[in-house]
Amino acid sequence: MKKIEITKILEYYDVPQLFIAEDAFGMKYLCLLYDIAEDGELKFIGVTVSFNKLNDFIKGHIDLLDMFMYPEKENSLFTIRMKEEGLFAEEYNDIPNSSMLPEKGYFYNACLNDALLRA
């Protein structure tokens, strides 16, 4: 299990829904909320991403589901848990079930989201 830090929240509704995180070695993770436990622990699915692929997603060129279904390399999926002590990533070796994944057709729109933040 490795500790990671949020570098940018992309979607926020009461809690972070979608964000970018980074580990101590500079590896970037795109993380999506899939569950809130009864004790309040937030659970995310995360995928490691290169700067270029992350940039393509931010520009709205890649569907969010495709980011998780077609990672750039093997062993790229992680379960992320947000606890009082911080954010922790653990390698996920199974095929994610549908409840963990976004629906097809979500394209991030940085311009729209930035405009909403200023409104």
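1. Brief notes about the overall build of the protein chain
- In terms of regular secondary structure, the protein chain is built from three helices and six strands.
- Traced from its N-terminal end to its C-terminal end, the protein chain shows the element sequence β-β-β-β-α-α-β-β-α.
- Relative to the compact-globule value of 14 Å for 119 residues, the protein chain shows a C-alpha radius of gyration of 14 Å, a close match.
- By its C-alpha atoms, the protein chain is 35 × 30 × 30 Å across when sized along the principal axes.
- Within the protein chain, the fraction of its 119 residues that count as buried is 42%.

2. Overview of the sheet that holds strand β4 (residues 42–49)
- With antiparallel pairing, the six strands of this closed barrel are ordered in space as β1-β2-β3-β4-β5-β6. Sheet twist, expressed as the mean angle between neighbouring strand axes with direction ignored, is 40°.
- With five bridges joining them, strand β2 (residues 15–23) and strand β3 (residues 28–36) adopt antiparallel strand pairing. Paired with Ile20 across the strands is Leu30, a residue of β3.

3. As for a nonpolar patch on the surface
- A grouping of Ile6, Ile9 and Tyr12 is seen on the molecular surface, where their side chains present a nonpolar patch of about 270 Å² in accessible area.
- Considering the arrangement of structural elements, one finds Ile9 in strand β1 (residues 2–13).
- Judged by relative accessible area, which is 40%, Ile9 ranks as partly exposed.

4. A few points about the pairing of β1
- The pairing of β1 with strand β6 (residues 86–91) spans three bridges and is antiparallel. In the strand pairing of β6, Lys3 is matched with Phe88.
- Note: β1 against β2, eight bridges, orientation antiparallel. In the strand pairing of β2, Glu5 is matched with Glu22.
- Counted between consecutive antiparallel strands, the loop separating β1 from β2 contains one residue, among which Asp14 sits at a positive phi close to 70°.

5. Observations concerning helix α1 (residues 51–58)
- Among the residues making up α1, those that are buried are Lys53, Leu54 and Phe57. Down the axis of α1, the buried side of the element spans an arc of 100°, and every buried residue falls inside it. Residues of α1 that are exposed and point over 90 degrees away from its buried face: Phe51 and Asn52.
- Of the surrounding elements, those touching the buried residues of α1 are β1, β2, β3, β4 and α2 (64–69).
- Gly60, located one to two residues past α1, shows a positive phi value of around 85°.

6. As for the pattern of salt bridges
- Within this structure, the stated rule accounts for five salt bridges.
- Across the pair Lys2 and Asp23 runs a salt bridge, and its minimum N-O distance is 3.8 Å. Here Lys2 is found in strand β1, whereas its partner Asp23 is found in strand β2, with 21 residues between them in sequence.
- Classification of Lys2 as partly exposed rests on a relative accessible area of 34%.
- Under the relative-accessibility criterion, Asp23 is labelled buried at 8%.
- A salt bridge links Asp66 to Lys104, with the shortest nitrogen-to-oxygen separation between them at 3.3 Å. With Asp66 in helix α2 and Lys104 in the loop between β6 and α3 (110–118), this residue pair connects regions lying 38 residues apart in the sequence.
- Looking at Asp66, the relative accessible area reads 22%, which means it is partly exposed.

Thresholds, definitions, all that
- Residues numbered from 1 in each chain as written.
- Predicted model: local features only at pLDDT ≥ 70, side-chain atom pairs only at ≥ 80, totals over all residues.
- Heavy atoms only, no water.
- Helix = DSSP H or I, 4+ residues; strand = E, 2+ residues; numbered from the N terminus.
- Rg over C-alpha atoms; globule rule 2.2 N^0.38 Å.
- Buried < 20%, exposed > 50% of the residue type's maximum accessible area, 1.4 Å probe, protein only.
- Pairing = 2+ DSSP bridges.
- Axes fitted to C-alpha atoms, helices over the stretch in contact; angles between N-to-C directions.
- Patch = residues over 30% accessible without salt bridge, like charges linked within 9 Å, V, L, I, M, F, W, Y side chains within 5 Å.
- Areas by Shrake-Rupley, 256 points an atom, 1.4 Å probe, with all protein chains shown as cover.
- Salt bridge = Lys/Arg side-chain N within 4 Å of Asp/Glu carboxyl O.
- Arc of directions from axis to C-beta.
- Contact = heavy atoms within 4.5 Å.

Shape is all these values report; function is a separate question.
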